[in-house]
Amino acid sequence: MKSYRKELWFQLSTRRGLINITPQVEEAVRASGIAEGMVLVNAMHITASVFINDDESGLHHDFEAWLERLAPEKPYSQYRHNGAEDNADAHLKRTIMGREVVVAITGGRLDLGPWEQIFYGEFDGKRRKRVLIKVIGE
Ligand code: ZN
């Protein structure tokens, strides 16, 4: 069995944002030389997510509005975690949106459904953060 590891780095200028990272994951799979296997893609931070959904701007707005209803950023004082930090909402949003995805690799390509795209979800940006890609197979 072969394996391949790569980190992607992000620094958003905003507190929250979504980035379609499907091309970078495809490139990692290509670089791995693995034709049949699996790729794990996970956020390495507890205030960011990796998830799969549609690359459609209306839906991205809906995610933002929905997450803000579930775990509003402000007032910061509503959360026990805040004090030295102000990112309690980001921890909660990350938990809802998930830590990682696993995608099958078939014939050297990501075996995604027709509208599936892989996203990095940032909920406490303005600093450098990482995503891990681990490809295994043969
Ligand atoms: Zn925190």
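As shown above, the structure is provided for reference.
Residues numbered from 1 in each chain as written. Predicted model: local features only at pLDDT ≥ 70, side-chain atom pairs only at ≥ 80, totals over all residues. Heavy atoms only, no water.

**Q** Honestly, the coordination of the zinc ion in this entry has me stumped. Any pointers?
**A** Perfect tetrahedral coordination of a metal by four donors corresponds to 109.5 degrees between them, and perfect octahedral coordination by six donors corresponds to 90 or 180 degrees. Protein ligation of the zinc ion involves His 81 (NE2), Glu 85 (OE), Asn 87 (OD1) and His 91 (NE2), the donor distances falling in the range 2.0 to 2.4 Å. One can describe the donor arrangement at the zinc ion as irregular, given that its four donor atoms subtend angles of 78 to 154° at the metal. One chain supplies every donor for the zinc ion, spaced along it as H-x3-E-x1-N-x3-H. In this structure Glu 85 comes out as partly exposed when scored by relative accessible area, which is 37%. Assessed through its relative accessible area of 19%, His 91 is described here as buried. (Donors = N, O, S within 2.8 Å, 3.2 Å for Na, K, Ca; no water. Tetrahedral: all angles 85-135°; square planar, octahedral: opposite > 155°, others 65-115°. Buried < 20%, exposed > 50% of the residue type's maximum accessible area, 1.4 Å probe, protein only.)

**Q** Looking at this model, I keep getting lost on helix α2 (residues 57–70). Mind explaining?
**A** An α-helical turn contains 3.6 residues, so a residue and the one three or four places further along point in the same direction. Under the 1.5 Å per step criterion, the end-to-end length of α2 is 20 Å for 14 residues, consistent within 8% with the ideal 20 Å. For α2, the full list of buried residues reads His 60, Phe 63 and Leu 67. Seen from one end, α2 has its buried residues packed into an arc of 50°, which puts them on one side. Exposed side of α2, more than 90 degrees from the buried face: His 61 and Arg 69 are the residues found there. Of the surrounding elements, those touching the buried residues of α2 are β2 (17–20), β4 (48–53), α3 (88–97) and β7 (117–122). (Helix = DSSP H or I, 4+ residues; strand = E, 2+ residues; numbered from the N terminus. Expected span 1.5 Å × (residues − 1). Arc of directions from axis to C-beta. Contact = heavy atoms within 4.5 Å.)

**Q** Looking at this structure, how should I read the packing of aromatic side chains?
**A** Taken as a whole and assessed by the stated rule, the structure comprises three aromatic pairs. Note on Phe 10 and Tyr 120: the rings are 4.4 Å apart at their centroids and 10° apart in plane angle, and the pair reads as stacked. Highlighted residues: Phe 10 in strand β1 (residues 2–10) and Tyr 120 in strand β7, separated in sequence by 110 residues. The same class applies to Phe 10 and to Tyr 120, which are both buried. Following the ring pairs from residue to residue traces out a cluster consisting of Phe 51, Phe 63 and Phe 119. (Phe/Tyr/Trp six-rings, centres within 6.5 Å; stacked < 30°, edge-to-face > 60°.)

**Q** Just checking my understanding: could you explain the sheet that holds strand β3 (residues 37–43) for this structure?
**A** Where strands meet in a sheet, backbone hydrogen bonds hold them as pairs that are either parallel or antiparallel. Spatial strand order, β1-β8-β3-β5-β6: five strands in an open sheet with antiparallel pairing. In this open sheet, the two edge strands, each paired with only one partner strand, are β1 and β6 (109–110). (Pairing = 2+ DSSP bridges.)

**Q** Looking at this model, I keep getting lost on the pattern of salt bridges. Mind explaining?
**A** Once their charged atoms are close, side chains differing in charge can pair, the charge on each being opposite to the other. Per the counting criterion, the structure on display carries 15 salt bridges. With a closest N to O distance of 2.8 Å, Glu 27 and Arg 30 form a salt bridge. Residue Glu 27 and its partner Arg 30 are both found in helix α1 (residues 22–32); the two are separated by three residues, about one turn of the helix. Put simply, Asp 89 and Lys 93 hold a salt bridge, and the shortest N to O gap is 2.7 Å. With Asp 89 and Lys 93 both in helix α3 and four residues apart, the pair spans about one turn of that helix. (Salt bridge = Lys/Arg side-chain N within 4 Å of Asp/Glu carboxyl O.)

**Q** Would you mind showing me how to read the nonpolar core here?
**A** Where a protein is soluble and globular, its nonpolar side chains tend to be buried together. Core analysis: the largest hydrophobic core is formed by 22 residues, its most contacted members being Ile 21, Val 25, Val 39, Val 41, Ile 118, Val 131 and Ile 133. Residues contacting Ile 118, with those up to four places away along its chain left out, are Ile 19, Asn 20, Ile 21, Thr 22, Val 25, Val 50, Phe 51, Ile 52, Val 101, Val 103 and Leu 110. (Core = buried A, V, L, I, M, F, W, Y, C linked by side-chain atoms within 4.5 Å.)

**Q** What exactly am I supposed to notice about the sheet that holds β7 here?
**A** Across the sheet, which stays open at both edges, the three strands sit in the order β2-β7-β4 with antiparallel pairing between neighbours. Bordering the open sheet on either side are β2 and β4, each of which pairs with just one other strand. Looking at each pair of strands side by side, their axes are set apart by 30° on average, direction ignored. Bridge count between β2 and β7: four bridges; the pairing is antiparallel. Residue pairing across strands places Leu 18 opposite Gly 121, the latter belonging to β7. (Axes fitted to C-alpha atoms, helices over the stretch in contact; angles between N-to-C directions.)

Honestly, that's just the spatial picture; any functional story needs more than this.
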